[in-house]
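Per-entry structural report
Spelled out, the chains give:
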Amino acid sequence: SYLKARKAQPALIATAKQFVCDACTASQRAKLFPVSGTDLAEPGKHAIMDNFKWCHPVTKTHHRIAVLGDHGSRHAVFRVLATNKDPTKLGNTSFTEICDIVDTWMRHFGKFETFRTDPEGCFRAHEFRSWLSDRGIQWLPSPGEAHGRNGVIEHLVETCKESALRVARSSTLEIETQ
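A brief report on the enclosed structure follows. (Residues numbered from 1 in each chain as written. Predicted model: local features only at pLDDT ≥ 70, side-chain atom pairs only at ≥ 80, totals over all residues. Heavy atoms only, no water.)

**Quick notes on the pattern of salt bridges**
Rules: The rule for a salt bridge is simple: a side-chain nitrogen of Lys or Arg has to be within 4 Å of a carboxyl oxygen of Asp or Glu. Every helix listed is a DSSP run of H or I at least four residues long, and every strand listed is a run of E at least two residues long, numbered separately from the N terminus. For the exposure calls, accessible area comes from a 1.4 Å probe over protein chains only, and a residue counts as buried if that area is under 20% of its type's maximum, exposed if over 50%, partly exposed in between.
Per the counting criterion, the structure on display carries five salt bridges. The closest approach of N and O atoms between Asp103 and Arg135, which form a salt bridge, is 3.9 Å. Linking Asp103 in helix H4 (residues 95-109) with Arg135 in the loop between helix H5 (126-134) and strand E5 (138-141), this pair joins segments that are 32 residues apart in sequence. Classification of Asp103 as partly exposed rests on a relative accessible area of 26%. Given a relative accessible area of 29%, Arg135 falls into the partly exposed group.

What follows is the structure in structure tokens.
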């Protein structure tokens with residue numbers, strides 16, 4: 001719009017649209033899309049959790065990461081559960097890893113009433129559901145395609161991936177310049 005206001009040549013405007021500066025791209029903020037969610041939640045009452053895999057763009061090291069968040073406040077904690085050069089050796093998230101993360105959360109932030117996850121892997125195990133019910137927490141399974149229910153956690157996962165990618169790129173630039 002600046003070039004148009006100055007009545008620049010159309011060829012110059014087209015060239016400017018295609019120009020991408022590495023420094024500008026690296027310092028650009030993460031895209032914060034509006035969170036999709038159909039229900040409002042009181043902070044501290046409803047927890048959400050998911051797992052994902054991420055690959056470091058430079059070292060090609062693969063990580064299996066868990067994210068646990070508060071549906072009301074959007075506060076989240078991330079934990080790297082496994083790291084390996086071979087993505088097939090990351091394994092699956094275990095019942096004990098999930099329980100450890102949830103216990104740590106409750107020690108710091110208090111007990112929540114409901115716990116929403118997608119119904120797969122360790123979240124589906126009978127021992128995990130009985131572990132939650134022993135603590136008075138209701139498990140709310142939501143299919144991965146239910147974006148109205150899972151939008152908050154999916155947004156947290158994407159934010160974590162984008163942030164990790166930016167940190168990885170910036171640390172690589174610092175190493176190359178030294």
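**A closer look at the pairing of strand E3 (residues 76-84)**
Stated formally: We call two strands paired when DSSP finds no fewer than two bridges between them.
For strand E2 (residues 62-70) and E3, the ladder comprises eight bridges, and the chain directions are antiparallel. Bridge assignment links His62 to a residue of E3, and that residue is Asn84. Here E2 folds back onto E3, and the loop between the two strands holds five residues, one of which, Arg74, carries a positive phi near 70°.

**A word on the environment of Thr59**
Inspection of the secondary structure assignment puts Thr59 in the loop between strand E1 (46-55) and E2. Distance from Thr59 to Ala168, taken between C-alpha atoms, is 9.3 Å for residues 109 residues apart in sequence.

**Description of the packing of aromatic side chains**
As a reminder, the rule being used: Stacked, tilted and edge-to-face are the three classes applied to pairs of Phe, Tyr and Trp rings, where Trp contributes its six-membered ring and a pair requires centres within 6.5 Å; stacked means planes under 30 degrees apart, edge-to-face means over 60, and tilted covers the rest.
Under the defined criterion, the tally for this structure stands at five aromatic pairs. Ring geometry for Phe128 versus Trp131: centroids 6.2 Å apart, planes at 15°, classification stacked. Taken as a pair, Phe128 and Trp131 lie in helix H5 at a separation of three residues, close to a single helical turn. Residue Phe128 is classed as buried on the basis of its relative accessible area, which comes to 0%. Overall, the relative accessible area of 11% leaves Trp131 in the buried class. Of the aromatic side chains, those joined through ring pairs into one cluster are Phe112, Phe115, Phe123, Phe128 and Trp131.

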